[in-house]
Amino acid sequence: MTRERSLSGTIPSMETSHEELKENTIIIVLGASGDLAKKKTLPALFGLYRQGFLPRDVKIVGYARTKMDHAEFLKRGTSYIKNPNDEPELAKAIDEFKSILSYVAGDYEDGSAFDNLTSHLEEIESHYQSKECNRLFYLALPPSVFIPVAKNLKEHCYVTKGGVNRIIVEKPFGKDTESARELLGSLKKYWTEDETFRIDHYLGKEMVKNLLVLRFANVAMNAAWDKNSISNVQITFKEPFGTEGRGGYFDEFGIIRDILQNHLLQVLSILAMERPVSFAAEDIRDEKVKLLRAIPPIERDDVLLGQYVSANGKPGYLDDDTVPRNSVCPTFAAATLWIHNPRWEGVPFILKAGKALNEAKVEVRIQFKDVTQGIFKDIARNELVIRIQPSEAVYLKLNAKTPGLYTRAMPTEMDLTYKRRFIDAQIPEAYEALILDALKGDHSNFVRHDELDVAWKIFTPILHWIDGLAGPRPRPVTYPYGSRGPKELDSFVSKYGFKRASEGYVWPVVSLASL
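Just so it is clear, the structure is predicted and the values come from calculations on it, not from any experiment. (Residues numbered from 1 in each chain as written. Predicted model: local features only at pLDDT ≥ 70, side-chain atom pairs only at ≥ 80, totals over all residues. Heavy atoms only, no water.)

Enquirer: Got a sec to walk through the overall build of the protein? Specific residues and values, please.
Expert: Of regular secondary structure, the protein possesses 14 helices and 15 strands. Dimensions of the protein, computed from the C-alpha atoms along their principal axes, are close to 80 × 65 × 45 Å. Within the span of the protein, comprising 515 residues, buried residues form 52% of the whole. Carbon and sulfur atoms make up 51% of the accessible area of the protein, which totals about 24500 Å². In the protein, the 68 positive side-chain charges and the 70 negative ones have mean positions that sit 4 Å from each other. (Helix = DSSP H or I, 4+ residues; strand = E, 2+ residues; numbered from the N terminus. Buried < 20%, exposed > 50% of the residue type's maximum accessible area, 1.4 Å probe, protein only. Areas by Shrake-Rupley, 256 points an atom, 1.4 Å probe, with all protein chains shown as cover. Lys, Arg positive; Asp, Glu negative; His and termini not counted. Charge placed at Lys NZ, Arg CZ, Asp CG, Glu CD.)

Enquirer: Explain the pairing of strand β1 (residues 25–30) residue by residue, including any values.
Expert: Within β1, six of the six residues are buried, which leaves the element mostly enclosed by the surrounding structure. Of the two faces of β1, the one carrying Thr25, Ile27 and Val29 and the one carrying Ile26, Ile28 and Leu30 are both buried. Two elements, β1 and strand β4 (residues 134–139), share six bridges in a ladder whose sense is parallel. Of the residues in β4, the one forming a bridge with leucine 30 is leucine 139. Across five bridges, the pairing between β1 and strand β2 (residues 59–64) is parallel. Within the sheet, the bridge partner assigned to isoleucine 27 lies in β2 and is isoleucine 60. Handedness of the β1-helix α1 (residues 35–50)-β2 crossover: right-handed. (Pairing = 2+ DSSP bridges. Right-handed = clockwise from strand over helix to strand, strands pointing away.)

Enquirer: Tell me what's going on with the layout of surface pockets, and back it up with residues and numbers.
Expert: Here the second largest pocket is characterised by a volume of approximately 1700 Å³. Among the elements of the structure, α1, α6 (177–188), β7 (230–238), α9 (247–272) and β11 (361–368) are those that each provide at least two residues to the lining of the second largest pocket. Per-element accounting of the lining of the second largest pocket gives the leading share, eight residues, to α9. Of the residues contributing to the lining of the second largest pocket, the split by class is 22 nonpolar, 10 polar and 18 charged. (1 Å grid on protein atoms, 1.4 Å probe; cavity = no way out; pocket = protein on both sides within 12 Å on 5 of 7 lines; lining within 4 Å. Points joined across faces, edges and corners; volume = space filled by probe spheres on them. Nonpolar A, V, L, I, M, F, W, Y, C, P; charged D, E, K, R; others polar.)

Enquirer: How would you explain a nonpolar patch on the surface if you had to name every residue and give the values?
Expert: Where nonpolar side chains cluster on the molecular surface, the patch consists of Val371, Ile375 and Phe376 and spans about 300 Å² of accessible area. Residue position: isoleucine 375 is located in the loop between β11 and β12 (383–389). The exposure class of isoleucine 375 is exposed, given its relative accessible area of 76%. (Patch = residues over 30% accessible without salt bridge, like charges linked within 9 Å, V, L, I, M, F, W, Y side chains within 5 Å. Salt bridge = Lys/Arg side-chain N within 4 Å of Asp/Glu carboxyl O.)

Enquirer: Which residues make up empty space enclosed by the protein, and what values do they have?
Expert: Applying the stated criterion to the full structure yields three cavities of 30 Å³ or more. When its volume is computed, the largest cavity comes out at roughly 120 Å³. Lining the largest cavity are 14 residues, and of these Lys171, Phe173, Gln261, Asn262 and Leu452 sit closest to its centre. Of all the elements in the fold, those that place two or more residues in the lining of the largest cavity are α9 and α13 (449–466). Looking at the lining of the largest cavity element by element, the count peaks at five residues for α9. Residues belonging to the lining of the largest cavity are distributed by class as follows: seven nonpolar, four polar and three charged. If you trace the second largest cavity, you find it lined by Lys22, Thr25, Pro55, Asn134, Arg135, Leu136, Val164, Arg166, Ala438 and Leu439. Listed by contribution, the elements that provide at least two residues to the lining of the second largest cavity are β4 and α12 (430–440). Broken down by element, the residue count for the lining of the second largest cavity peaks at three residues, all from β4. Tallied by class, residues from the lining of the second largest cavity come to five nonpolar, two polar and three charged.

Enquirer: Got a sec to walk through the pattern of salt bridges? Specific residues and values, please.
Expert: Overall, the coordinates contain 33 salt bridges when judged by the stated rule. Where glutamate 125 meets arginine 135, a salt bridge forms, and the shortest distance between an N and an O atom there is 2.8 Å. Of this pair, glutamate 125 sits in helix α4 (residues 111–125) while arginine 135 sits in strand β4, and the two are 10 residues apart along the sequence. Arginine 135 shares its class with glutamate 125; the two are buried.

Enquirer: Help me get a handle on the UniProt feature "domain: Glucose-6-phosphate dehydrogenase C-terminal" (unreviewed entry) in the protein, residues and values and all.
Expert: Mapped onto the present numbering, the UniProt feature "domain: Glucose-6-phosphate dehydrogenase C-terminal" (unreviewed entry) falls at residues 212–497. Each end of residues 212–497 is marked by a C-alpha atom, and these two atoms are 26 Å apart; helix forms 31% of the span and strand 23%. (UniProt positions renumbered as here; feature names shortened; annotations may be inferred.)

Enquirer: Describe α9, naming the residues involved and giving the relevant values.
Expert: The largest bend in α9 is about 85°, located at glycine 254. Counting buried residues along α9, 22 of its 26 residues qualify, which places the element largely inside the surrounding structure. (Bend = angle between axes of the 7 residues up to and from the residue.)

Enquirer: Go over the packing of α9 against α13 with me, naming the residues and quoting the values.
Expert: The N-to-C vectors of α9 and α13 enclose an angle of 145°; their axes lie 11 Å apart at closest approach. The interaxial crossing formed by α9 with α13 has right-handed handedness. Residue-level inspection shows Ile256, Arg257, Leu260, Gln261, Leu265 and Gln266 of α9 in contact with α13, the latter providing Glu451, Leu452, Ala455, Trp456, Ile458, Phe459, Leu463 and Ile466. (Axes fitted to C-alpha atoms, helices over the stretch in contact; angles between N-to-C directions. Left-handed = near helix turned anticlockwise from the far one by under 90°. Contact = heavy atoms within 4.5 Å.)

Enquirer: Report on unusual backbone geometry, specifying residues and quantitative values.
Expert: In this model, lysine 171 is joined to proline 172 through a cis peptide bond whose omega is 10°. Summarising the element assignment, proline 172 is placed in the loop between β5 (165–170) and α6. In this structure, proline 390 follows glutamine 389 across a cis peptide bond, with omega equal to -10°. Residue position: proline 390 is located in the loop between β12 and β13 (393–401). Here the phi dihedral of asparagine 24 falls at roughly 55°; this positive angle occurs in a residue that is not glycine. Within the element layout of this structure, asparagine 24 appears in the segment before β1. At asparagine 312, a residue that is not glycine, the phi angle is positive and equals roughly 55°. As for its placement among the helices and strands, asparagine 312 is situated in the loop between β8 (303–309) and β9 (332–338).

Here's what the structure looks like:
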């Protein structure tokens, strides 16, 4: 893989500290027969294995309730690792990856089943030359079984003589402040904070990790990063499809718990936090917590809720048979957060997320204030757009003189599109980056317990209102499947000072769709 070089001929490194990969490591994927394991966890482990980023003698053990033989597990476990062009090298790598996989079936609440798992692990470890054995437990499981599994792993599968034990826990981490605290408290009975890695895969995305560098490695960027220059910030998540038969699960959590409270709030915290003392995990997480503590609970007037309806032959949310009849669960939400600190006082941060919209996109849009009036009239605002996915990119929209004999300003852009600038670079999947961090013991891109607690405090009052626990439930406005969202969205963002680009400006299609 080609690495891009700086002008000096070397790539400056960030000052970080974490362990190296430990040999004699077994990765245990609990819930190995489920969708998350098949679609994300195991393909990510294959990606790391193929690139040589797993420990040299690593073994991967799947554990789930489903009874299946070794051949069936290999078939399921590699079903989302594709080789469409039948490349011999890739086919060989998949076969080699299968050789390190094994499977144990067992219940999640039966201690004796975990004893069987331990016997399997010890059989593998008996072939290691060193007495040190390391185990990484990945819980690709629903939260309903987090606690019994965490308890049984600690009581039956924990390495006590030498070596390291670590546990990765997937979201959702509760449904509100109280349930999150209960879950955190129960987990802490068995696993220390140092052993626990709470995964939010957005923290592993390349452009989210790039925010730290963009902000703190560029004086020009950081100088304008405050209320004096910035009018408003929007962080947007758009999906072009609906619930598609998963409405029952979605209706229990809703779009705010699914996207805003975790993914988009994590992006906000990195975008707005103060400069950490170092890139050490605790220094970064300290600044994120400090930032989140400055955000009060969201007010009802700062929220817009929507639910998609059928359009263009596509079914509406309530047409999904798995959705409760007459559900008022929002499939779209826009919420404005305010940060009460000297840097950001008065700047609205608008988080928006929705299903069944017109495109797939996750981006940050930072809109700067108007230039001083006088020599320019009605000139477009500068905007910094950080596209997280798809087609990772950073755009700075600015004004320049129109070429020719007339002195007229026109909006244009400075364009850093990754696929054009870093031609040979391979951008890792988020789960690959985070699993590697966990193997190294690096907590930088994982959620700390106090960070999770303060995040829930911001959203819990508005969630209780939506759930009907604080008065009558609000009814979401409707929007057509495949649209930009509710028609009320334009007026919603406008009241916080956002100004849409002039009619004559079109964002360059060549930067995205043509790549």
